[in-house]
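This is what each chain is made of:
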Amino acid sequence: MLRWTRPWPRLIVDGAMVMCLMLAFAYWWLGNAVHEATGTVFLIIVLRHVGNNLFWWKGLRCGGMTVQRAFNLIVGMGLTVTIALLLITSIGVSRVLAQWLPMPRFFILQEVHWFAAYWVIALAALHLGVNWVRIFALLRMVAGRGVPRWGVPVLWLMGMAAAIQGIFSGTILGFWPRLRFSYALSMWDFNASVLPFFAHWGATLMTIAMAAHLAVLMTTRLLRRRVG
């Protein structure tokens with residue numbers, strides 16, 4: 001029997017959520033039916049992820065409020081709101097899975113769905129960065145060994161390089177303007193290439209995740225200095 005609280009299943013669930021999000025943005029490559037199916041799978045996996053981490057929410061009342069906990073709470077609340085918006089509007093704009101529902105088809109629902117999707121993936125990347133230490137611990141448990149001393153600076157360099165690339169990748173994808181609720185003329189030509197699209201998304205998410213991870217580290221150190 002598969003135990004979802006063990007390292008491998010938890011990493012699979014987290015990885016599947018990120019993959020579903022990126023696939024959902026490949027709308028003009030996969031088509032509407034696959035897009036809706038991918039979104040449905042994503043929402044189901046989110047419920048599984050929340051179930052895996054119920055102990056965290058129950059433990060909020062126990063112990064002090066650390067920097068990591070505070071960031072997690074803020075990002076988690078943002079994700080809850082945006083995913084709820086995504087779910088509600090997805091029913092309203094559905095043309096396959098929920099077309100039988102007597103829902104009014106308002107253009108504003110499509111607009112809200114569009115911008116909510118971009119904020120969901122941005123907040124998911126923030127969530128990844130805030131919990132990077134926990135994810136790294138799961139990876140070490142799976143590998144059965146720690147990272148050698150020379151591996152730590154190498155991983156930091158790789159992460160920073162991907163994050164720097166992500167700044168340009170987000171521009172190519174038209175991601176940054178859409179977080180400001182603005183429109184962008186960037187449209188990916190899937191007839192020319194497919195894999196670079198996902199590589200750009202991966203780099204963009206790494207930029208946000210690294211920013212969140214550094215924010216937690218710097219805030220924690222700053223508070224420790226003030227207390228000390």
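See the structure shown above.
Residues numbered from 1 in each chain as written. Predicted model: local features only at pLDDT ≥ 70, side-chain atom pairs only at ≥ 80, totals over all residues. Heavy atoms only, no water.

### Some points on the overall build of the protein
For the protein, the helix and strand inventory stands at ten helices and zero strands. Reading the protein from its N end, one meets helices and strands in the order α-α-α-α-α-α-α-α-α-α. Across the 228 residues that make up the protein, the buried fraction comes to 35%. For the protein, long-range pairs separated by at least 24 residues make up 73% of all intrachain contacts whose partners lie at least 6 apart in sequence. (Helix = DSSP H or I, 4+ residues; strand = E, 2+ residues; numbered from the N terminus. Buried < 20%, exposed > 50% of the residue type's maximum accessible area, 1.4 Å probe, protein only. Contact = heavy atoms within 4.5 Å.)

### Topic: the side chain of Ser94
Its location among the elements puts Ser94 in the loop between helix H5 (67-93) and helix H6 (107-130). At 2.7 Å, the side chain of Ser94 and the side chain of Glu36 are in polar contact. (Polar contact = N/O pair within 3.5 Å; in protein donor to acceptor, adjacent residues only side chain to side chain.)

### Digging into helix H3 (residues 32-52)
Between its first and last C-alpha atoms H3 spans 30 Å; for 21 residues at 1.5 Å apiece the expected length is 30 Å, and the two agree. Restricting attention to buried positions, one finds in H3 the residues Asn32, His35, Glu36, Thr38, Phe42, Ile45, Val46, His49 and Asn52. (Expected span 1.5 Å × (residues − 1).)

### With respect to unusual backbone geometry
The phi torsion at Phe181 lies on the positive side, around 60°, for a residue other than glycine. Structurally, Phe181 can be placed in the loop between helix H9 (175-179) and helix H10 (195-227). Of the residues examined, Phe181 reaches a relative accessible area of 52% and is grouped as exposed.

### With respect to the side chain of His49
Of note, His49 is situated in helix H3. When near neighbours in sequence (up to four residues on either side) are disregarded, His49 contacts Val13, Asp14, Met17 and His127.

### Quick notes on a nonpolar patch on the surface
A contiguous nonpolar patch, built from Val81, Leu85, Ile108 and Val112 and spanning about 320 Å² of accessible area, is present on the exposed surface. Of all the secondary structure elements, the ones that give two or more residues to the nonpolar patch are H5 and H6. By the secondary structure assignment, Val112 is in helix H6. Looking at Val112, the relative accessible area reads 31%, which means it is partly exposed. (Patch = residues over 30% accessible without salt bridge, like charges linked within 9 Å, V, L, I, M, F, W, Y side chains within 5 Å. Areas by Shrake-Rupley, 256 points an atom, 1.4 Å probe, with all protein chains shown as cover. Salt bridge = Lys/Arg side-chain N within 4 Å of Asp/Glu carboxyl O.)

The values are spatial; any link to function lies outside them.
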